[in-house]
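Residues per chain, in single letters:
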Amino acid sequence: MHKAEPVSTSLAGHFKLSMKQSPTSEKDKAEMKNVPYSSAVGSLMYAMICTRPDIAYAVGVVSRFLINPRKEHWTAVKWILRYLRGTTKKCLFFGKGKPMLMGYIDADLTGDIDSRKSTSAYLTTFAGGEVSWQSKLQKCIALSTTEDEYIAATEACKEIIWMRNFLLELGCEQDKFVLRCDSQSAIHLAKNSAFHSRS
């Protein structure tokens, strides 16, 4: 892949990966046995966990097909490698910002074609640098974008509260923290947590 053409996104929108694409014939299965799919995905996971939060979603998607991958899944893995090829100069760093915890969340409604579950993602920063991130399928099926984003916000808040307690043990007390969300309905639900039929 060192001579591959770089791409600008970690996983393009035209990838609609599903378990239904997995090989069924013995010929297709034998062909995929020679492809180092699980090894490549494992290497991508290592990079994502250590230093590359920008590929967390894409790695989460391709890792769903480790048991029985097909050519379409392998093409998606190579796409991520092409993205990494073009972004080798990107890195994590601590900025000169205030030593305050900030969180950013997002979610996609029913993004997994097979289970119809949504993917929650969060990124936590401290002093302007990324310190914690996650992208994974939600445990339940969300029925609305409000519910979808609210679940993502809940996961991010749990992480930020843990980080705040960790920083307190290190002697860096956090008076407040900020969580950024792009869903107005989820923000209103969080501010007014009265019972609603949709929540």
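**A few points about the environment of V59**
Looking at the secondary structure, you find V59 in helix 3 (residues 56-62). Along the sequence, V59 and Q138 sit 79 residues apart, while their C-alpha atoms lie 16 Å from each other. Excluding its chain neighbours within four sequence positions, the residues that come into contact with V59 are L44, M45, M48 and I80.

**A few points about the packing of aromatic side chains**
Throughout the structure, instances matching the rule amount to 3 aromatic pairs. When the ring of F15 is compared with that of W79, the centres are 5.6 Å apart and the planes differ by 75 degrees; the resulting orientation is edge-to-face. Here the residue F15 occupies a position in the segment before helix 1 (26-33), and W79 occupies one in helix 4 (residues 71-86), the gap between them amounting to 64 residues. With respect to burial, F15 and W79 carry one shared label: buried. Seen from their ring centres, Y37 and W74 are 6.3 Å apart, and the 55 degrees between their planes marks the pair as tilted. With a gap of 37 residues between them, Y37 in helix 2 (residues 37-50) and W74 in helix 4 connect regions that are remote in the sequence. Y37 sits in the buried class, given a relative accessible area of 2%.

**A closer look at the nonpolar core**
Counting residues in each nonpolar core, the largest one holds 26 residues, and the members touching the most others are F15, L17, Y37, L44, I55, V62 and V77. Those elements that provide at least two residues to this core are helix 2, helix 3 and helix 4. In contact with L17, other than residues within four places in its own chain, are V61, V62, F65, E72, H73, A76 and I113.

**Section: the sheet that holds strand 3 (residues 129-137)**
Sheet architecture is open: 4 strands sit in the order 3-2-1-4, paired in mixed fashion. At either margin of the open sheet sits one strand with a lone partner, and together these are strand 3 and strand 4 (178-180). Ignoring which end each strand starts from, the neighbouring axes of this sheet average 15 degrees apart. Summarising the sheet, strand 1 (residues 101-108) and strand 2 (residues 119-126) pair through 8 bridges and their orientation is antiparallel. The partner of I105 across the bridge, within strand 2, is Y122.

**A closer look at the side chain of Q174**
Position of Q174 relative to the elements: it lies in the loop between helix 5 (145-169) and strand 4. Of the polar contacts made by the side chain of Q174, one reaches the backbone oxygen of P99; its length is 3.0 Å. Among all residues touching Q174, those that are not within four sequence positions of it are P99, M100, L101, F126, R164 and L167.

**Observations regarding unusual backbone geometry**
Backbone geometry at T110 places phi at a positive 45 degrees, although glycine is not the residue there. Considering the arrangement of structural elements, one finds T110 in the loop between strand 1 and strand 2. The backbone of A127 shows a phi angle near 55 degrees, a positive value even though the residue is not glycine. Looking at where A127 falls in the secondary structure, it is placed in the loop between strand 2 and strand 3.

Calculation notes
- Along each chain, the written sequence defines residue order, and numbers are assigned to residues from 1.
- Where totals are concerned, whole chains, interfaces and linings use all residues; where local detail is concerned, this predicted model gives features only for residues with pLDDT of at least 70, and gives and counts side-chain atom pairs only at 80 or more.
- Values shown for side chains rest on all heavy atoms present in the structure; no hydrogens or waters enter the calculation.
- A run of H or I in DSSP counts as a helix once it spans at least four residues, and a run of E counts as a strand once it spans at least two, with each numbered from the N terminus.
- Contact between two residues is taken to exist if any of their heavy atoms lie within 4.5 Å; hydrogens are not considered.
- Pairing of aromatic rings covers Phe, Tyr and Trp, the last through its six-membered ring, and needs centres within 6.5 Å; plane angles under 30 degrees mean stacked, over 60 mean edge-to-face, and all others mean tilted.
- Exposure is judged per residue with a 1.4 Å probe applied to protein chains only, and the accessible area is read against the type maximum: over 50% gives exposed, under 20% gives buried, and values in between give partly exposed.
- The definition of a nonpolar core used throughout is a set of buried Ala, Val, Leu, Ile, Met, Phe, Trp, Tyr and Cys residues joined through side-chain atoms within 4.5 Å.
- We treat two strands as partners when DSSP finds at least two bridges between them.
- For helices, the axis comes from a line fit to the C-alpha atoms of the stretch in contact; other axes are also lines fit to C-alpha atoms, and the angle between any two N-to-C directions lies between 0 and 180 degrees.
- As used in this structure description, the phrase polar contact means that two N or O atoms lie within 3.5 Å; if the pair is within protein, one of them must be able to donate a hydrogen and the other to accept it, and residues adjacent in sequence are counted only when both atoms belong to side chains.

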